[in-house]
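Reading the structure
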Amino acid sequence: MSSDRWLYAWALGYAAIGAASVLVPLYALALGADAFAVGLIAATGAFAGVPGALAWGRLASRTGRYRPFVLLSLGAAALAFAVFPFVSSVWAVVTANAALLFAAAAAAPVLTLLAVADVPESGWDARIGRLNEVQGYGWLAGLLAGTVWNAAVAGRVLDTLSAQRWFFGLSAVVTVAAFALAWRSLPQPTVSIARFGRSTASVERLLRGSGRATRISPFSGLRSFWAIRRLHPRALAARLTPALAAYLVAVFLAFTGFATFFGPLPAFLTDLGYGSTEVFVVFLASSAASAVFYARAGALATQHGARVVQLVALAARVLLFPAIALVALLPALPGLLALLLLFLAVGVTWAVVAVTATTLVTRLAPPAIRGDALGAYGALGGVATGVGSLLGGWLATTTSYTVAFVAAGGFVLAGAILAARQT
């Protein structure tokens, strides 16, 4: 459809961002980063996205202008990609990555406003789902492109560091192309859509993750903006039930565990001797498994109950995270095959958690504070991602990856036990 051309323009830029989610930590490692620095990259990226989304979203809502903010985000992302090849210090990588994710997250709420512009409220679900579906496939395409590039170029045509720098340059070109396509195709809404931001129902739809991209990037700018914007701490505190409070704590513990595992993961895989291609393949397998399993996860939750299937998924992660540390004991090829199987399972369990968590928050929250409860869920998840990434990197650096992954499983176990008692 011609009206969807701007979605494809954004998806092109989002493909570059998806590839960067793996390429940036690998680049930092090639420059001499340790596991703590890799965790710091993940943490600063998670924290940088929130103010970006808040600033752009509020300005767009107040001015009623949306095109300039999306174009600024794409332009800033292209500039960040262009800077990476000339960076030679780990701290510069941290800064450039924070700028990149600030730009990416800043566009998210504006894109949502554009998606529902001039569309009746009854059609919001479909448009939000379409936006997330298109950019979700863009993210996966970026991971696939990174996998193919590293397999074909790194260590064959160019050395690893040079290949990574050339890929950043290509990412800049792709993002400039996305900017040009967006310039030609981005609409300017004819109807004010401020009512979308006031709709608690619309926020619930967003946080339930109607599309794949929000789930693959669990606490992106899209989720963080609408979550925090609708969060009124006093209203929440005044009517917070014990069961809801306990479940929100459980969410924080579980997501801290997730990030404690994923924060130092690229460093762990590199230290095992796997190259950039193998690392991309592992992340691609996990993300693809999640994308494929979302519909099945929803069906299982309907059939057996969201509480039961979520607890099974959390229990699986309690075992999966430490088990991945054992791959270090295996030879290269059997180890890689074992990793792929384990990460397929990790991706499946994420699909279950993503589908069920907001359902359980909604169910536990009294109607009067449902929007605030969902806002708290989004905010706590974002904070947990940053905290866990730092913690995982620190533990891996000061002790070992095994300790970090066991600690990750321990946080998830604590969250699962608390969730089981309340849901």
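This is a predicted model, so every value here is computed, not measured. (Residues numbered from 1 in each chain as written. Predicted model: local features only at pLDDT ≥ 70, side-chain atom pairs only at ≥ 80, totals over all residues. Heavy atoms only, no water.)

1. With respect to the overall build of the protein
Stated precisely, the cut-off is as follows: Think of it this way: any DSSP run of H or I at least four residues long counts as a helix, any run of E at least two long counts as a strand, and we number them from the N terminus. Accessibility here uses a 1.4 Å probe with only protein chains present; expressed as a share of the type maximum, an area under 20% marks a residue as buried, one over 50% as exposed, and anything in between as partly exposed. Contact definition: two residues touch when any of their heavy atoms are within 4.5 Å.
Regarding its fold elements, the protein presents 18 helices and 0 strands. The buried share of the protein, reckoned over its 423 residues, is 57%. Excluding contacts between residues fewer than 6 apart, the proportion of contacts in the protein whose partners are at least 24 apart in sequence is 86%.

2. Looking at helix 16 (residues 332-364)
The following threshold applies: Expected helix span is taken as 1.5 Å per residue step, with the number of steps being one fewer than the number of residues. Here the bend at a residue is taken as the angle between two axes, fitted respectively to the seven residues that end there and the seven that start there.
With 33 residues, helix 16 should cover 48 Å at 1.5 Å per step; its first-to-last C-alpha distance of 46 Å lies within 8% of that length. Along helix 16, the largest kink reaches about 25° and is centred on Thr 356.

3. Considering a nonpolar patch on the surface
Rule in force here: Nonpolar side chains (Val, Leu, Ile, Met, Phe, Trp, Tyr) within 5 Å and like charges within 9 Å form the patches, drawn only from residues with over 30% relative accessible area and no salt bridge. Values of accessible area rely on a 1.4 Å probe in the Shrake-Rupley scheme; residue burial ignores everything except the protein chains shown. Salt bridges are defined by distance alone: a side-chain nitrogen of Lys or Arg within 4 Å of a carboxyl oxygen of Asp or Glu.
Taken together, the side chains of Phe 47, Val 383 and Val 387 define a hydrophobic patch exposed on the protein surface, amounting to about 220 Å² of accessible area. Among the structural elements, Val 387 can be located in helix 17 (residues 370-398).

4. Here's the deal with the nonpolar core
Going by this rule: As used here, the term nonpolar core means buried Ala, Val, Leu, Ile, Met, Phe, Trp, Tyr and Cys residues forming a set that is joined through side-chain atoms within 4.5 Å.
Among the nonpolar cores identified, the biggest contains 131 residues, and Phe 84, Phe 258, Ile 324 and Phe 405 are the most heavily contacted of them. Residue contributions to this core peak at 17 residues, all from helix 1 (residues 5-30). Leaving out residues up to four positions away in the same chain, Phe 258 has contacts with Leu 314, Arg 317, Phe 321, Trp 350, Val 353 and Val 412.

5. Remarks on the packing of aromatic side chains
Note the cut-off: Here a pair means two rings of Phe, Tyr or Trp (six-membered ring of Trp) with centres within 6.5 Å. Their orientation is stacked below 30 degrees between planes, edge-to-face above 60, and tilted elsewhere.
Inspection of the entire model under this criterion finds 18 aromatic pairs. For the pair Phe 179 and Trp 183, a centre-to-centre distance of 6.1 Å together with 35° between the ring planes defines the contact as tilted. With Phe 179 and Trp 183 both in helix 6 (residues 160-185) and 4 residues apart, this pair spans about one turn of that helix. Here Trp 183 falls in the exposed class, since its relative accessible area comes to 53%.

6. Quick notes on the packing of helix 1 against helix 14 (residues 276-304)
The cut-off we apply is this: For every element, the axis is a line fit to its C-alpha atoms; helices are fit only across the contacting stretch, and the angle between N-to-C directions ranges from 0 to 180 degrees. The cut-offs work like this: below 35 degrees is roughly parallel, past 145 is roughly antiparallel, 65 to 115 is roughly perpendicular, and the gaps in between are oblique. Handedness of a crossing follows from how the near helix is turned relative to the far one, being left-handed for an anticlockwise turn of less than a right angle and right-handed for a clockwise one. Three classes are used: nonpolar for Ala, Val, Leu, Ile, Met, Phe, Trp, Tyr, Cys and Pro, charged for Asp, Glu, Lys and Arg, and polar for all others, with Gly counted as polar.
Across the interface, helix 1 lies against helix 14 with an axial gap of 10 Å and an inter-helix angle of 140°. Regarding the angle of helix 1 to helix 14, the classification is oblique. Taken as a pair, helix 1 and helix 14 cross one another with a handedness that is right-handed. In this structure, helix 1 uses Ala 19, Val 22, Leu 23 and Leu 26 to contact helix 14, whose residues at the interface are Ser 276, Val 279, Phe 280 and Phe 283. Residues belonging to the contact of helix 1 with helix 14 are distributed by class as follows: 7 nonpolar, 1 polar and no charged.

7. Considerations on the confidence of the model for the protein
This is how the line gets drawn: In predicted models, pLDDT denotes the confidence assigned by the predictor to each residue on a 0 to 100 scale.
Taken as a whole, the protein shows an average pLDDT of 85; of its residues, 86% reach a score of 70 or greater. Segment residues 207-216 is flagged for pLDDT under 50; beyond a separation of four residues in sequence, or across chains, it makes 42 contacts in the model.

8. Thoughts on helix 3 (residues 67-83)
For helix 3, with 17 residues, the first-to-last C-alpha span of 25 Å sits near the 24 Å given by 1.5 Å per residue. What helix 3 keeps buried is the set Arg 67, Phe 69, Val 70, Leu 71, Ser 73, Leu 74, Ala 77, Ala 78, Ala 80 and Phe 81.

9. Considering the environment of Arg 165
Applied cut-off: Between N or O atoms, a polar contact is any pair within 3.5 Å; within protein, one atom must be a potential hydrogen donor and the other a potential acceptor, and residues adjacent in sequence are included only when both atoms are from side chains.
Inspection of the secondary structure puts Arg 165 in helix 6. On the basis of relative accessibility, which here comes to 26%, the residue Arg 165 falls in the partly exposed class. The contact partners of Arg 165, leaving out residues within four places of it in the chain, are Tyr 27, Leu 31, Pro 85, Val 87 and Ser 88. Side-chain polar atoms of Arg 165 contact the backbone oxygen of Val 87, separated by 3.3 Å.

10. Quick word on the environment of Ala 35
Assignment of secondary structure puts Ala 35 in helix 2 (residues 35-63). It is 9.5 Å that separates the C-alpha atoms of Ala 35 and Pro 25, two residues lying 10 residues apart in sequence.

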